[in-house]
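# Examining the three-dimensional arrangement
The chain contents come next:
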Amino acid sequence: MEKEYISSYNRNYLKIKPQGELQGKLRYQYQILTGKKLEGILGADFHIHNGESGLYYDITGKVNLPTLFSKKKISLNFMNRFIGSLETALWSLKQYLLDERNLMLQPEYLYVDMDNVQNQSSPEGSLYFVYCPYYTETEERDVEPLFTFLLEKAEEEDAELMDAIFSLYAAWENLGEQFRGEDLLHAWPMEISSGAEEAGVRDATGGKGDKGSRDREKLSGENTYAVVQEENMHYEEKGDRKLYGNDEGKEERKLYGNGRQNRRVLTLTRFPVIIGRKPEYADLVINESSVDSMHVKILEENGHIYMEDMNAAAGTFKNGIQLRPYERVELLREDEVKFGKLEFTYR
């Protein structure tokens, strides 16, 4: 199954290409998926462009689980939220007699709506699953990546959470290829909670209410630009610019704001670093509405610096060219980058 990410008219899409003539045999499922609003299922449209057909899933303002938990840990609250959202998605499929086996359970196809991630009353409103009508016709259905991801990202010190995940894993091992989404619900050993505190997302080194969280909230409220990492921090003023960084003695790499309205200087000394609007998800916080909660990741590999878009709704640009969702490009000195409406020069 072929997939790609596309940006068009300020919207981001996950495109999945059909194989052969399967779209004709599964016309009913296509009609329901593209014509109905299914709770817990990512909306999609079917388009033919330049003779090539595909399902376009709108992922604007959403991030998949590997992105959301790239620097966070999965909590028990989030798992309750996940199981509850899965229950809602399966219920939606049953209403229209859709094949539950076509629900894709790999982490990269599970999306969280960042605008609604803290909605306490509607857990199904912020987690979405990808339903692909021809998935089981062309691919070997494998949910092992989901369990691997959960075990790697779960809060290991939470014994109750780890026991629950191992219960799911045991059910999968027992059922093998017969394992279905419904089996996840039956194997989950506790009552599903709809009030996922902070969407179940916590720092890898601290829980809710830790000192780091309070400091980040304070920084976010007081400054237009703030660095979340507190250790070895320094602050200095140069003219009308505000600079934040640390004193680790590494080669300094900086993003200098361009224009009179953007006098920020982002010092990059720790990698990977996530730049975004919300301090609970980002390492470098920019209080600007056009910047997404998790907008872009800057990382270092083999001495080279790269920039990776995190499915930002307003886009990430390098030298005037917009990156595709999750596209990674190398950053070179004097490159001009843009996050939402804010422009920077990398030096």
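Here is a short report on the structure shown in this document. (Residues numbered from 1 in each chain as written. Predicted model: local features only at pLDDT ≥ 70, side-chain atom pairs only at ≥ 80, totals over all residues. Heavy atoms only, no water.)

## Examining the overall build of the protein chain
Of the regular secondary structure elements, the protein chain holds nine helices and 24 strands. When each of the 347 residues of the protein chain is scored for burial, the buried share is 52%. The long-range share in the protein chain, meaning contacts at least 24 apart out of those at least 6 apart in sequence, stands at 59%. Here the protein chain displays about 16,400 Å² of accessible surface, and carbon together with sulfur accounts for 43% of that area. (Helix = DSSP H or I, 4+ residues; strand = E, 2+ residues; numbered from the N terminus. Buried < 20%, exposed > 50% of the residue type's maximum accessible area, 1.4 Å probe, protein only. Contact = heavy atoms within 4.5 Å. Areas by Shrake-Rupley, 256 points an atom, 1.4 Å probe, with all protein chains shown as cover.)

## Concerning helix α2 (residues 27-35)
Those residues of α2 not exposed but buried are Q29, Y30, I32 and L33. Taken around the axis of α2, the buried residues stretch over an arc of 170 degrees, which confines them to a single face. Opposite the buried face of α2, at more than 90 degrees from it, the exposed residues are R27 and G35. (Arc of directions from axis to C-beta.)

## Focus on the pattern of salt bridges
Taken as a whole and assessed by the stated rule, the structure comprises twelve salt bridges. The closest approach of N and O atoms between E4 and K17, which form a salt bridge, is 3.8 Å. On the criterion of sequence distance, the pair formed by E4 in strand β1 (residues 2-8) and K17 in strand β2 (residues 11-17) is long-range, its members being 13 residues apart. With relative accessibility at 29%, the residue E4 sits in the partly exposed group. Take K17: its relative accessible area is 16%, and that puts it in the buried class. For D335, the salt bridge is made with K318, and the minimal N-O distance between the two is 3.5 Å. You can see D335 sitting in the loop between β22 (328-330) and β23 (336-339) and its partner K318 sitting in strand β20 (residues 316-318), a full 17 residues away along the chain. There is no split in this pair, since D335 and K318 are both buried. Each of the salt bridges in this network shares a partner with another, and the network as a whole consists of E4, K15 and K17. (Salt bridge = Lys/Arg side-chain N within 4 Å of Asp/Glu carboxyl O.)

## Overview of the packing of aromatic side chains
Tallying each qualifying case throughout the model produces eleven aromatic pairs. For the ring pair Y13 and Y56, a centre distance of 6.2 Å and an interplane angle of 75 degrees mean the geometry is edge-to-face. Here the residue Y13 occupies a position in strand β2, and Y56 occupies one in strand β4 (residues 52-58), the gap between them amounting to 43 residues. The two residues Y13 and Y56 agree in class, both being buried. Taking 5.9 Å as the distance between ring centres and 70 degrees as the angle between the ring planes, the aromatic pair formed by F147 and F179 counts as edge-to-face. Taken together, the residues F147 in helix α6 (residues 144-153) and F179 in the loop between α7 (159-175) and α8 (181-187) connect sequence positions 32 residues apart. Pair check on accessibility: F147 and F179 agree, each one buried. Members of the aromatic cluster, each reached through a chain of ring pairs, are F147, Y169, W172 and F179. Here the guanidinium or amino end of K62 rests over the ring plane of Y128, the centre of that ring lying 5.2 Å away. (Phe/Tyr/Trp six-rings, centres within 6.5 Å; stacked < 30°, edge-to-face > 60°. Lys NZ or Arg CZ within 6 Å of the ring centre and 35° of its normal.)

## Things to note about the pairing of β1
Note: β1 against β2, seven bridges, orientation antiparallel. The partner of E4 across the bridge, within β2, is K15. Linking β1 back to β2 in an antiparallel pair, the connection comprises two residues, with Y9 at a positive phi of about 50 degrees. (Pairing = 2+ DSSP bridges.)

## Section: the sheet that holds strand β8 (residues 110-113)
Across the sheet, four strands lie side by side as β5-β8-β9-β7; this open sheet has antiparallel pairing. Of all strands in the sheet, those with a lone pairing partner are β5 (62-64) and β7 (103-104), marking the two edges. As judged from the two bridges shared by β7 and strand β9 (residues 127-131), these two strands associate in the antiparallel manner. Considered in β9, the bridge of L103 is made with Y131. Most of the contacts of helix α4 (residues 76-95) go to β9, to which it runs at about 45 degrees, and overall it touches β7, β8 and β9. (Axes fitted to C-alpha atoms, helices over the stretch in contact; angles between N-to-C directions.)

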